[in-house]
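Structural characterization, general
The chain contents come next:
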Amino acid sequence: MIDSTPESLAMEQPVTSYRPGWWSLQSDHICRWSMRVVLGAIVLFLIAPLISVIGTSFNTPPLIIFPPPHLSLDSFRQIPDNWYQAFFTSLKVAFAAAGVSAVLTVPAAFALVRGRLPGRELLESMFRSPLLVPQIVLSVSIYQYYVVLSGVLGNSFISGFEGLVIAHTLLVSPYILSTVFGRIASLDPAYEEASVGLGASSARTFLAVTLPILRPALTAALILAFVISFDNVTLSLFLSTDVGSSTLPVTLFSAIELSASPVIFAAAALTILVSVLVTFSVERLVGLRSVTAR
Amino acid sequence: MNGRHWQPWVVPLLLFYVVFFLFPQLVFLAVSALKYTGPGQIGHNVTVENYNAILHNAYFHRAIINTLELSALTAIVSALFGLPLAYTIVHGGRRGKYLFALIIGVMFSSAVALALGWETLLAPAGGVNGLLLALGVVNHPLPLASNFTSIVIGSIHGAIPIATLGILPACEAVTVRQLEVSTGLGASSWRTFWSIILPQTYRSVCSIGVVIFAITTSIFTTPAILGGGRVALVSLAIYQQLLTLFDYPKSAALAAVLIIIMLLITVLARMFVRSGASQPGVVKP
C-alpha cells in the first residue's frame, strides 16, 4: 500500500542522518515480532474450526478423529439423499429471497432517493430495522403471526416454502436496500437526462443506462443476500416445523443434536467449500470490498 | 428524472413491511401480555403473569446473567482482535489481501459448520486438549466442551469478522503519510501505535464493541450446538419455550425482555462511547 509519490521517495533520502538508538531499534523489533505472533495466533484461531471440519470429514464412518488415521471419502458417499434435497431447498429459498427482495427493494430505493417522499427518514429507518431486531425475536414474532394468520385464513403458512421465503426476504432486504441506496444516491442524473434528451423512452433509459450503472452494486448486494439467506439457521429452524423438508443448515443442525457422525462433517465441509467458492467468485466478479462497503 | 412520479414505487416494499414485519412485531408484543391457557394456545385475558414469571425464576435469571457475560466477553475480545486484523488488511500489502479473503471466507461460512469444527476441537480428546497435553501445559484434559467456555470461544470466532470489517474504515483513515512522518521523525513502532494509530481508531473499536455486544445477546445457533444443552441463555430459553413447550406467551415475553436488554445496553454504552458509531458492513448474528 506504500505509494511512491515524490514525498515518500524524499523521505528515504538521508537529508539529515538520523540514527535511532539501540533501545529504540530493539523495541521496534519486539513490536514488529509481537505483532506478527499476535496476528499468526489470530489467523490460526480463525482457520482452526474450518480445518477441523474438513479434516474430520475424511474419516471412515463411524470414526470421528482428527486427524483421521486413514483417509477415506466414505463419509461423503454416505451423505443421505434428503440432505441433497435440503441443499436444493436452501438454494431455492436463497434465490427466491434475494430475487423477491431485489424486485421489491430496488424500486423503493429509487423512490426514497428521488421521490421527495414525506417521512423519508422514518421509512428508511423502518426498512433497515429488521437488522436491529434480533433474529430470534424476528423468528418468534413471525412464527406467532403465522399461527394467528392460519387461525384466521385457515391455511398453514408454517413449514411452507412461501412462509420461509417471506421471512428470508425480510432478513436480506436491509442489506440490498443499503447497498443499492448508496449507489443510486451517488448516481449522476446527467446520464439519464442525456438519454432522455436523445429521445429514449424512460423505460429504455432505465434498461440501457440506469441498470448497467447499478449492476455492480446490485450483484454485490444479491450475492450477500444469497449467502445470508443460505447460511441462516434461526429463521428456518423456527419456521419449518417439518425438519424433513427444511434447508440444509437446519438439517445439519438437527443431525448434530441427534448424533455425531463423520457424514455430518462431510456435508459441513461441502458447505465450507461453497462459501470458499462464493468468496472467490465475489473477488473475481465485483471485488471483496464491494460486499462490505456501505 | 427527479420528482414525484417515483413515489409510488415505494408502495410494494412498504406493504410487504407492514404486513410481514410491523404486524408480526405488534402481534408478538400483544401475545406477551396474554394469559397462557395451554400448549399452542393463546388466551384472551391481559396479564403481566408472563413477565412476572421471568422476573421471579432462578433459571431465567441465570439465563440473563449468562447472556450478558457472554456478550461482554465476546465484545471485548473480538474488538481487540479486530484492530490488528483491520490494520494489517489496510496497511499490510499482500498479506492484508489474503487476510481479508480469510475474514470474508469465515464470515460466509455457515455457523453450523464453524460450531461443529469447534465442538471437535474442544472435546476432551480433541485438538486443543491434545496440543495442551503434548506441550505439557496441562496434565488432564481441560473441560472445554459443552459448557460456557466453548460458547464464548465459538461466539468470539463468529464476531471477529464483524469487528474487523467495522474497524476497517477507521484504519483507512490512518494514512501512509502519517505513518511515514511518525517514523521519519524518529518515533518507535510503539510510539507510532500509541500516538498515531490508537487515537484514530479507538472510538471505532469501542463502538464496534457495543454493536457486537448487542448482536451477541441474541446469538442462537452457536450456543445451541456448543452448549450441549447445559448452559442457560435467553435465546435458548426462547427456543425452548416456543418449540418444545409451545408456551407462546412466555416465549414472546422472553423475546421482549431480550429486546429491552439489548436496547438498554446500547443506550448505556452510547452514553460512554460518544461517536458517530460506524455500523458494520455486514451483521451476521
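Given the structure is predicted, the values throughout are model-derived calculations rather than measurements.

Some remarks on the overall build of chain B
- Helix and strand content of chain B: 12 helices and 0 strands.
- Taken from the N to the C terminus, the helices and strands of chain B come in the order α-α-α-α-α-α-α-α-α-α-α-α.
- Considered along the principal axes of its C-alpha atoms, chain B spans approximately 75 × 70 × 30 Å.
- For chain B, with 285 residues in total, the buried portion stands at 54%.
- Partitioning the contacts of chain B with sequence separation of at least 6, the portion at a separation of at least 24 is 71%.
- Side-chain charges in chain B split into 14 positive and 6 negative, and the spacing between the mean points of these groups amounts to 10 Å.

Here we look at the interface of chain A and chain B
- Chain A puts 96 residues into the contact, and the matching count from chain B is 93 residues.
- Together, the buried faces of chain A and chain B total about 8,600 Å²; carbon and sulfur atoms form 76% of this surface.
- For chain A, the biggest contributors to the area lost against chain B are Phe45(A), Leu46(A) and Tyr145(A); these three give 8% of the whole.
- In this assembly, chain A and chain B are joined by 0 salt bridges.
- When residues of the side of chain A that touches chain B are assigned to their parent elements, the largest contribution, 21 residues, is made by helix 2 (residues 22–56) of chain A.
- A per-class count over the side of chain A that touches chain B returns 65 nonpolar, 18 polar and 13 charged.

Quick word on the packing of helix 4 (residues 81–114) of chain A against helix 9 (residues 202–231) of chain A
Residue and element names in this part refer to chain A.
- Helix 9 packs onto helix 4 with a crossing angle of 140° between their chain directions and a minimal axis gap of 9 Å. In terms of their interaxial angle, helix 4 and helix 9 are classed as oblique. The two elements helix 4 and helix 9 cross, and the hand of that crossing is right-handed. Contact with helix 4, carried on its side by Phe 87, Ser 90, Leu 91, Val 93, Ala 94, Phe 95, Ala 97, Ala 98, Ala 102, Val 106 and Phe 110, involves Phe 206, Thr 210, Leu 214, Leu 218, Leu 222, Ala 225, Phe 226, Ser 229 and Phe 230 of helix 9 and no other residues of that element.

Side note on unusual backbone geometry
- Here the phi dihedral of Arg116(A) falls at roughly 45°; this positive angle occurs in a residue that is not glycine.
- For Ser146(B), which is not a glycine, the phi torsion comes out positive at approximately 50°.
- Relative to the helices and strands, Ser146(B) resides in the loop between helix 6 (127–135) and helix 7 (148–173).

Some points on the environment of Phe181(A)
- Structurally, Phe181(A) is set in helix 7 (residues 161–185).
- The residues contacting Phe181(A), other than those within four sequence positions of it, are Ala109(A), Leu112(A), Val113(A), Arg120(A), Glu124(A) and Arg128(A).

Re the confidence of the model for chain B
- Looking at chain B, pLDDT values average 85 and 94% of them are 70 or higher.
- Mean pLDDT values over the elements of chain B span from 82, in helix 8 (residues 176–184) of chain B, up to 93, in helix 3 (residues 58–91) of chain B.

Thoughts on the packing of aromatic side chains
- Counted under the stated rule, the structure contains 20 aromatic pairs over all chains.
- Arranged with centres 5.9 Å apart and planes meeting at 85°, the rings of Phe87(A) and Phe230(A) form a pair that is edge-to-face. Here Phe87(A), found in helix 4, pairs with Phe230(A), found in helix 9; they are 143 residues apart in sequence, far enough to count as distant.
- Assessed through its relative accessible area of 23%, Phe87(A) is described here as partly exposed.
- Ring geometry for Tyr59(B) against Phe60(B): centres 5.9 Å apart, planes inclined by 65°, an arrangement best described as edge-to-face.
- Residue classification places Tyr59(B) among the partly exposed residues on the basis of a relative accessible area of 37%.
- Site record: aromatic cluster; members linked through ring pairs are Phe87(A), Phe88(A), Phe95(A), Phe226(A) and Phe230(A).
- In this structure, Arg36(A) packs its charged tip against the face of Trp33(A), placed 4.8 Å from the ring centre.
- Over the aromatic face of Phe181(A) sits the side chain of Arg128(A), whose NZ or CZ is 5.8 Å from the ring centroid.

As for the nonpolar core
- Counting residues in hydrophobic clusters, the biggest one holds 163 residues, and the most contacted among them are Trp83(A), Phe127(A), Leu239(A) and Phe108(B).
- Top element by residues in this core is helix 7 of chain B. It accounts for 13 residues.
- Setting aside chain neighbours within four positions, we find Phe127(A) in contact with Leu112(A), Pro174(A), Leu177(A), Val10(B), Leu13(B), Leu14(B) and Tyr17(B).

Quick notes on the rules
Residues numbered from 1 in each chain as written. Chains lettered and ligands numbered in written order. Predicted model: local features only at pLDDT ≥ 70, side-chain atom pairs only at ≥ 80, totals over all residues. Heavy atoms only, no water. Helix = DSSP H or I, 4+ residues; strand = E, 2+ residues; numbered from the N terminus. Buried < 20%, exposed > 50% of the residue type's maximum accessible area, 1.4 Å probe, protein only. Contact = heavy atoms within 4.5 Å. Lys, Arg positive; Asp, Glu negative; His and termini not counted. Charge placed at Lys NZ, Arg CZ, Asp CG, Glu CD. Buried area = accessible area lost by both parts, 1.4 Å probe. Salt bridge = Lys/Arg side-chain N within 4 Å of Asp/Glu carboxyl O. Nonpolar A, V, L, I, M, F, W, Y, C, P; charged D, E, K, R; others polar. Axes fitted to C-alpha atoms, helices over the stretch in contact; angles between N-to-C directions. Parallel < 35°, antiparallel > 145°, perpendicular 65-115°, else oblique. Left-handed = near helix turned anticlockwise from the far one by under 90°. pLDDT = per-residue confidence, 0-100. Phe/Tyr/Trp six-rings, centres within 6.5 Å; stacked < 30°, edge-to-face > 60°. Lys NZ or Arg CZ within 6 Å of the ring centre and 35° of its normal. Core = buried A, V, L, I, M, F, W, Y, C linked by side-chain atoms within 4.5 Å.

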